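What the coordinates show
Here's the letter readout for the chains.
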Amino acid sequence: KQEVTQIPAALSVPEGENLVLNCSFTDSAIYNLQWFRQDPGKGLTSLLLIQSSQREQTSGRLNASLDKSSGRSTLYIAASQPGDSATYLCAVSGADSWGKFQFGAGTQVVVTP
Amino acid sequence: EAGVAQSPRYKIIEKRQSVAFWCNPISGHATLYWYQQILGQGPKLLIQFQNNGVVDDSQLPKDRFSAERLKGVDSTLKIQPAKLEDSAVYLCASSPTPDSYEQYFGPGTRLTVT
């Protein structure tokens, strides 16, 4: 059974610092990995989707890497801003999962001005 | 394009009572998901619909939870009777096709069982 772990559970950084969020998964036979953002009282918003054949994906200040063999992904957020404060979740999908994800518990990020 | 709508946003009930949640997906999206997110945990899939048929309900506690999607559009999730451990946020999501990894989430319904 796939298990997804995110460490740390919470993180606080001053504005301008780079953020590094970690995600690990136990079964390397994944189809893709996705990073989501969750704001209080709101649903999840997809940030980046990495296919199993890719090593990284970039969007603006966000960069996500994937090392399938070691079961790890890292989300980098450059030059953090207070608006980046949210909970970040990673989710993995298997090849036969038909759109279904296994989520981690998330990392709660606070960026202080 | 309107997003996924859910109601109510908040609900407080006593244990053993029943409760129902409603979801309206994005227009044209064939696939609809219900997730349960307990505080401090990631969302857990409860049920997946393709149009008005069930694709996966393996993690739905069927002794107390039920869900339906009439006419392949709106969906309701019901809990009867509720237990304290059902306190969670219930998220609805939709996607264009069942094998799409683009899921659009609603704001969720926060349920508190006392």
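First, a word on what this report is: a plain description of the structure on this page. (Residues numbered from 1 in each chain as written. Chains lettered and ligands numbered in written order. Predicted model: local features only at pLDDT ≥ 70, side-chain atom pairs only at ≥ 80, totals over all residues. Heavy atoms only, no water.)

Attention now goes to the overall build of chain B. Along chain B, the regular secondary structure elements total zero helices and 11 strands. Going from N to C terminus, chain B has its helices and strands arranged as β-β-β-β-β-β-β-β-β-β-β. Computed over its C-alpha atoms, the radius of gyration of chain B comes to 13 Å, within 12% of the 13 Å expected for a compact globule of 114 residues. Projecting the C-alpha coordinates of chain B onto the three principal axes gives extents of approximately 35 × 25 × 25 Å. Residues counted as buried form 46% of the 114 residues belonging to chain B. Nonlocal contacts in chain B, meaning residues at least 24 apart in sequence, comprise 53% of its contacts between residues at least 6 apart. Surface exposure of chain B reaches about 5,600 Å², of which carbon and sulfur atoms provide 50%. Distance from the positive charge centre (12 side chains) to the negative charge centre (11 side chains) of chain B: 8 Å. (Helix = DSSP H or I, 4+ residues; strand = E, 2+ residues; numbered from the N terminus. Rg over C-alpha atoms; globule rule 2.2 N^0.38 Å. Buried < 20%, exposed > 50% of the residue type's maximum accessible area, 1.4 Å probe, protein only. Contact = heavy atoms within 4.5 Å. Areas by Shrake-Rupley, 256 points an atom, 1.4 Å probe, with all protein chains shown as cover. Lys, Arg positive; Asp, Glu negative; His and termini not counted. Charge placed at Lys NZ, Arg CZ, Asp CG, Glu CD.)

The partner chain B presents 20 residues to the 20 residues of chain A that form the contact. Between chain A and chain B we count one salt bridge in total. Across the pair K100 of chain A and D56 of chain B runs a salt bridge, and its minimum N-O distance is 3.6 Å. Our count for the contact surface shared by chain A and chain B stands at three residue pairs in polar contact (both at pLDDT 80 or more). Elements with a contribution of two residues or more to the side of chain A that touches chain B: β4 (30–38) and β9 (86–94) of chain A. No other element matches β4 of chain A, which puts five residues into the side of chain A that touches chain B. (Salt bridge = Lys/Arg side-chain N within 4 Å of Asp/Glu carboxyl O. Polar contact = N/O pair within 3.5 Å; in protein donor to acceptor, adjacent residues only side chain to side chain.)

It is worth spelling out the state of the cysteines at this point. Defined simply, a disulfide is a covalent bond joining two cysteines at their sulfur atoms. The full count for this structure, using the stated rule, is two disulfides over all chains. Bridging C23 of chain A to C90 of chain A, the disulfide has an S-S length of 1.9 Å. Between C23 of chain A and C90 of chain A the sulfur-sulfur dihedral comes to about 70°; the bridge is accordingly right-handed. One end of the pair, C23 of chain A, is in strand β3 (residues 19–25); the other, C90 of chain A, is in strand β9, and 67 residues separate them in sequence. A single burial state applies to C23 of chain A and to C90 of chain A, both of which are buried. Residue pairing for C23 of chain B: its cysteine sulfur links by disulfide to C92 of chain B, the two sulfurs lying 1.9 Å apart. A torsion of -70° about the S-S bond marks the disulfide between C23 of chain B and C92 of chain B as left-handed. With C23 of chain B in strand β3 (residues 19–24) and C92 of chain B in strand β9 (residues 88–95), the pair connects residues that are 69 residues apart, well separated along the chain. Judged by relative accessible area, which is 0%, C92 of chain B ranks as buried. (Disulfide = S-S within 2.5 Å.)

Let us now look at the pairing of strand β8 (residues 72–77) of chain A. Residues and elements named next belong to chain A. Pairing geometry for β3 and β8, over six bridges, is antiparallel. Paired with V20 across the bridge in β8 is Y76. Joining the antiparallel neighbours strand β7 (residues 62–67) and β8 is a turn of four residues, in which G71 adopts a positive phi near 70°. (Pairing = 2+ DSSP bridges.)

What follows is about the sheet that holds strand β6 (residues 56–59) of chain A. Residues and elements named next belong to chain A. On the basis of which strands lie adjacent, the open sheet formed by five strands has the order β1-β3-β8-β7-β6 and antiparallel pairing. The sheet terminates laterally at β1 (4–7) and β6, the two strands that pair on one side only. Each adjacent strand pair in this sheet contributes to an overall mean axis angle of 15°, direction not counted. (Axes fitted to C-alpha atoms, helices over the stretch in contact; angles between N-to-C directions.)

What follows deals with the environment of C23 of chain B. Residues and elements named next belong to chain B. By relative accessible area, which is 0% here, C23 ends up buried. Spatially, the C-alpha atoms of C23 and Q6 are 4.6 Å apart, while their sequence positions differ by 17 residues. Residues within four places of C23 in sequence aside, it is in contact with V4, A5, Q6, L32, W34, D74, S75 and C92.

Residues F25, L33, W35, L75 and Y88 of chain A are the most contacted members of the largest nonpolar core, which totals 22 residues. Going through the elements one at a time, β3, β4, β5 (44–51), β7, β8, β9 and β11 (107–112) of chain A are the ones with two or more residues in this core. Those residues within four positions of L33 of chain A in sequence are excluded, and the remaining contacts are C23, F25, L48, L49, I50, L66, S73, A91 and V92 of chain A. Within the second largest apolar cluster, 21 residues are counted, among which are F21, L46, F49 and A82 of chain B. (Core = buried A, V, L, I, M, F, W, Y, C linked by side-chain atoms within 4.5 Å.)

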